[in-house]
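Chains, contacts and geometry: an overview
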Amino acid sequence: MSELLRFATAGSVDDGKSTLIGRLLFDSKSIFEDQMTSVADASERMGLDAPNLALLTDGLRAEREQGITIDVAYRYFATPKRKFIIADTPGHVQYTRNMVTGASTADLAIVLIDARKGVLEQSRRHAFIASLLRIPHLVIAVNKMDLVDYSEDRFNEIVEEFGSFAAKLDISDLTFIPLSALNGDNVVARSEHMTWFEGSSLLHHLETVHIASDRNLIDARFPVQCVLRPQTEEFHDYRGYAGRVASGVFRSGDEVMVLPSGFTTKIKRIDTFDGEVDGAFAPMSVTLLLEDEIDISRGDMICRPQNQPTSAQDIDAMVCWLADETVLSAGSKLSIKHTTRTARAIVKNLKYRLDINSLHRDESAETLQLNEMGRVSIRTTLPLFFDEYRRSRETGSFILIDEATNATVGAGMILGET
Amino acid sequence: MGCGETIAIFHLQCCGGVVAELAKACGTSLPFLPLFWNGCVVNYELSHLKTLESESIHIIREVAAEFERPVLLFSGGKDSIVMLRLAEKAFWPAKIPFPVMHVDTGHNFEEVYEYRDRRVAELGIKLVIASVQDSIDSGKQVEQKGPRASRNQLQTMTLLDGLEEHGFDAAFGGARRDEEKARSKERVYSFRDEFGQWDPKNQRPELWSLYNGRHLRGEHIRIFPLSNWTELDIWQYIAEDGIEVPNIYYAHEREVFERDGMLLAVTEFVTVMDGEKPETRTVRFRTVGDASCTGAVESDARTVQQVIDEVSATRVTERGATRADDRASEAAMEDRKRQGYF
């Protein structure tokens, strides 16, 4: 059985990110001949000496005209062990917005560092965003080792420098891999030039890193998406609650509580189209049938009576602002979407703005602009049923929507009740 | 069913160490009860296909819950067939709570019409047909002329008119991000303005599994539940789930001729030009669309497993191999999508 691993790549073209992705796709035979031909043709028209693998993903007119990457591009490849989804995030000014988007569902992030340049401000920023978004695994790919004579000392310098910075962050699994994307050293196979390196190649690491236990299997949370009532002869009294398990495990016979009503009942049965199942865990989409008839609708949360999420209207969160036309400030009124629940929210105050380069907290800041992050207190019109983001990405995250433009303007990671 | 066998939902493992491992992995000393299936311990792993399935079902349910009038765009191609099956799974045992719409160029393969009508009847749902022929007859569109004429371009207007006529505010499409580079940047919820246009430079950020479907009257959202599936995933799922697809997806004898490096079927909708020599070859279709611009590939793959083997080994993308519509220019797909294409 092959698993799915989602990873985000961070870095600019100069770090060799496109070359690295190209190498992974090429060596896993995921680049097709017609794609290579079209990249080669386009590169030639642009007067380049060699095919520019960035053109594989930079397909939009504006991107090719301006030579920049506009948005997160998704790429897919598979090996016999795993299927991979790459969220390739560009490294220019829009960086934070794009990386937050690409990183929000990633199991792993790869941050590229040029072995010649060492740890730059940008590398720190990428690692910080990865830790803030709680990506469970971080790989520091020290690239262009061929240009520093595959020097073990240089690699160790970078490991040490980055390690002292990473100690300030909340990163649970950090791996350093020296490589040369251009020559393929330590990308798919272990390099003959770096026999001093005892770790595995990047692809081997991607194939084997243990992700099954990254999920929260403790806190049973089931946000109700919709109620299924077939009202047919065969399923006359059927009333099922459709949703996807956000975290934890549900079994038939379990005692459960429904929020906001607080009623308790038992799970009668767990249905899927392919048959009844004995239990359901994240991220399975199932239908729960309950012993008692309770009034339940979309936006309600099914949990365990002994393990409930926090239910509150006053919430503190780290918010990343994603809009360029408006700013976040005290008094901003927005629509908020959290699990399957939608409410309105007002910003009570901005506690501080975080400088993502220095990690300095500016408590005098009054606004968050595009790509800025800060700690915000909000009040919502309805209680939200949440867990801390660090405990559960599914029940700890929300988006903010501008009610005038309908644009998604903010991404929030819940810290707790205010 | 024996222990240790991989079944549809759970990967089974008959060993006692799983519980301890789980408790350790979760950093807890809570007594962690194992899940059992036919007496075997389940290790809480989902296969990549089941993960993709669950993600798609979640998206489809979100749309049904939040939009007033969704519609599923159904072409009879393998992707829309899988999408329809996922919609069936999302609401079972209830019926799919929205209709399907077929944008019909009138130039489709017979097998596809037959399949469409049978499937819709099985599911007991409504079929809306938006007909390019009707658009031409009513004078709204003009048929292209010449031997290379295709109705593919005309679909966009018929599609947008169809959505407007019925007041659909969400339209499910079977597009996948691995198909084409413009699509690789498209959101799961893709916002379209009142002209049906896609603006790739101004897309809404899409985070976690929180989708923003808000729109004004007249605007709509295209929904792509198969965004993260690849061609190979689709075929593996067809095999695993035992889904029927029109038989033109499997190898068969057909009269074809070469044009622009593609094998086009000889049909009443295509004019064979001088120098093009029709001959009978063993082919199958990798994509199914308008007969005038969908090419066949030479293939001996007569079963699902043989198709999977072929797709695993192929060195050409499905659109590269078979779609004349993408060959018009480097950004042909982006240009069509901007205008409101699928």
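Residues numbered from 1 in each chain as written. Chains lettered and ligands numbered in written order. Predicted model: local features only at pLDDT ≥ 70, side-chain atom pairs only at ≥ 80, totals over all residues.

**A closer look at the UniProt feature "domain: Phosphoadenosine phosphosulphate reductase" (unreviewed entry) in chain B**
So the rule is basically this: UniProt positions are given in the numbering used here, feature names are shortened, and annotations may be inferred rather than shown by experiment. A helix here means a DSSP run of H or I that spans at least four residues, while a strand means a run of E at least two residues long, and both kinds are numbered starting from the N terminus.
This chain's UniProt record puts "domain: Phosphoadenosine phosphosulphate reductase" (unreviewed entry) on residues 70-295 of chain B. This span, residues 70-295 of chain B, is 25% helix and 20% strand, and a straight line between its end C-alpha atoms measures 31 Å.

**Some details on the pairing of strand 4 (residues 108-114) of chain A**
Residue and element names in this part refer to chain A. Going by this rule: Exposure classification rests on a simple neighbour count of other C-beta atoms within 10 Å of a residue's own: a residue reaching 20 or more is buried, one at 12 or fewer is exposed, and one in between is partly exposed. C-beta atoms are placed from the backbone. Being paired, for any two strands, means DSSP has found at least two bridges between them. Seen with its strands pointing away from the viewer, a crossover is right-handed if its path from the first strand over the helix to the second goes clockwise.
Among the seven residues that make up strand 4, seven are buried, leaving the element largely enclosed by the rest of the structure. Residue alternation in strand 4 divides its side chains into two sets, L108, I110, L112 and D114 and A109, V111 and I113, and both sets are buried. Alignment of strand 1 (residues 3-10) against strand 4, held across four bridges, turns out to be parallel. Along strand 4, the bridge assignment pairs A8 with A109. When strand 4 meets strand 5 (residues 137-143), the two strands line up parallel, connected through seven bridges. Of the residues in strand 5, the one forming a bridge with L112 is A141. This β-α-β element, strand 4 to helix 5 (residues 121-132) to strand 5, shows right-handed connectivity.

**Let's talk about the pairing of strand 23 (residues 408-417) of chain A**
Residues and elements named next belong to chain A. Most of strand 23 sits inside the fold, with seven of its ten residues counted as buried. In the sheet, strand 15 (residues 310-321) pairs with strand 23 via seven bridges, with the strands oriented antiparallel. Looking at the pairing, I315 lines up with E417 of strand 23. Taking the residues that link successive antiparallel strands as the turn, the strand 22 (residues 397-401)-strand 23 hairpin has six residues, and the phi of N406 there is positive, at about 65°.

**Remarks on the sheet that holds strand 6 (residues 127-131) of chain B**
All names here are of chain B. Heads up, the condition is: Axis definition: a line fitted to C-alpha atoms, over the contacting stretch in the case of helices. Angles run 0 to 180 degrees between N-to-C directions. Contact between residues is assigned whenever the C-beta positions, reconstructed from backbone atoms, fall within 7 Å.
What the six strands build is an open sheet, ordered 6-5-4-7-9-8; its pairing is mixed. Strand pairing shows two members of the sheet lacking a second neighbour, strand 6 and strand 8 (189-192), which therefore form its edges. Geometrically, the sheet is characterised by an average inter-axis angle of 30° between neighbouring strands, direction not taken into account. Across two bridges, the pairing between strand 4 (residues 70-73) and strand 5 (residues 100-104) is parallel. Bridge pairing in strand 5 places L73 opposite M101. The strands touched by helix 6 (residues 155-166) within the sheet are strand 5, strand 6, strand 7 (170-172) and strand 9 (220-223), with strand 6 carrying the most contacts at an inclination of about 135°.

**Overview of the environment of A:I171**
Residues and elements named next belong to chain A. Looking at where I171 falls in the secondary structure, it is placed in the loop between helix 6 (152-166) and strand 6 (173-178). As a C-alpha pair, I171 and S123 span 48 residues in sequence and 14 Å in three-dimensional space. In contact with I171, other than residues within four places in its own chain, are S131, L138 and A166.

**Re the domain arrangement of chain B**
Residues and elements named next belong to chain B. We count it as follows: Each domain's extent was defined by an automatic or database domain assignment. When residues are sorted by character, Ala, Val, Leu, Ile, Met, Phe, Trp, Tyr, Cys and Pro go into the nonpolar class, Asp, Glu, Lys and Arg into the charged class, and all the rest, Gly among them, into the polar class.
When the domains of chain B are assigned, the result is domain 1 (12-45), domain 2 (49-230 + 332-339) and domain 3 (243-326). With centres defined by C-alpha atoms, the gap from domain 2 to domain 3 works out at 23 Å. Taken together, the 23 residues of domain 2 in the interface contact 20 residues of domain 3. In terms of residue class, the side of domain 2 that touches domain 3 is built from nine nonpolar, eight polar and six charged.

**Comments concerning the confidence of the model for chain B**
Residue and element names in this part refer to chain B. Using the following cut-off: Per-residue confidence from the prediction method is given by pLDDT, with values spanning 0 to 100.
Put simply, chain B has an average pLDDT of 82, and 85% of its residues get 70 or more. Mean pLDDT across the elements of chain B ranges from a minimum in strand 1 (residues 12-13), with 36, to a maximum in strand 4, with 98. pLDDT under 50 marks residues 1-32. Its contacts with residues more than four places away, or in other chains, come to 49 contacts. Predicted complex, confidence summary: ipTM 0.93, pTM 0.90.

**Some thoughts on helix 1 (residues 17-27) of chain A**
All names here are of chain A. Among the eleven residues in helix 1, nine count as buried, and that is most of the element. Every buried residue of helix 1 is accounted for by K17, S18, T19, L20, I21, G22, R23, L24 and L25. Structurally, helix 1 contributes buried residues whose contacts are with strand 1, strand 2 (73-78), strand 3 (82-88), strand 4, strand 5 and helix 7 (202-208). Downstream of helix 1 by one or two residues, K29 has phi in the positive range, about 60°.

**Examining the sheet that holds strand 6 of chain A**
Residue and element names in this part refer to chain A. Taken in spatial order, the six strands make up an open sheet running 2-3-1-4-5-6, and their pairing is mixed. Looking at the sheet topology across the chains shown, the edges are occupied by strand 2 and strand 6. Averaged over all pairs of adjacent strands, the angle between strand axes in this sheet comes to 25°, irrespective of strand direction.

**Some details on the environment of B:A64**
Considering the arrangement of structural elements, one finds B:A64 in helix 2 (residues 48-66). B:A64 gets classed as buried once you count the C-beta atoms within 10 Å, which come to 20. Along the sequence, B:A64 and B:I96 sit 32 residues apart, while their C-alpha atoms lie 9.2 Å from each other. When near neighbours in sequence (up to four residues on either side) are disregarded, B:A64 contacts A:C226, B:P70, B:P97 and B:F98.

**Topic: the interface of chain A and chain B**
On the side of chain B, 58 residues touch chain A, which itself brings 63 residues to the contact. A breakdown of the residues in the side of chain A that touches chain B according to their chemical character gives 33 nonpolar, 14 polar and 16 charged.

**Some details on unusual backbone geometry**
Omega for the bond connecting A:L259 with A:P260 falls within 30 degrees of zero, at 10°, which places this linkage in the cis form. Looking at the secondary structure, you find A:P260 in the loop between strand 10 (255-259) and strand 11 (264-271). The step from B:W92 to B:P93 runs through a cis peptide bond, and the omega angle for that step is 5°. With respect to the element layout, B:P93 can be found in the loop between helix 3 (78-91) and strand 5.

**Describing the packing of helix 7 (residues 231-241) of chain B against helix 8 (residues 304-313) of chain B**
Residues and elements named next belong to chain B. This is how it is decided: Roughly parallel means an angle under 35 degrees; roughly antiparallel means over 145; roughly perpendicular covers 65 to 115; every other angle is labelled oblique. Note on convention: the crossing is left-handed when the near helix lies turned anticlockwise from the far helix by less than a right angle, right-handed when the turn is clockwise.
Packing of helix 7 against helix 8 leaves a shortest axis separation of 10 Å and a crossing angle of 165°. Here helix 7 is positioned roughly antiparallel relative to helix 8, judged by the angle of their axes. For the pair helix 7 and helix 8, the crossing hand works out as left-handed. Between helix 7 and helix 8, the residues in contact are E231, L232, W235, Q236, I238 and A239 and V304, Q305, V307, I308, V311 and S312, respectively. For the contact of helix 7 with helix 8, the per-class residue count stands at eight nonpolar, three polar and one charged.

**Observations regarding the domain arrangement of chain A**
All names here are of chain A. By domain assignment, chain A separates into domain 1 (3-214), domain 2 (222-303) and domain 3 (310-417). Taking only C-alpha atoms into account, the centre of domain 1 sits 29 Å from that of domain 3. Contact with domain 1, which involves eleven residues of that partner, is made by twelve residues of domain 3. Looking at the side of domain 1 that touches domain 3, the elements that each hand over two or more residues are helix 4 (95-103) and helix 5.

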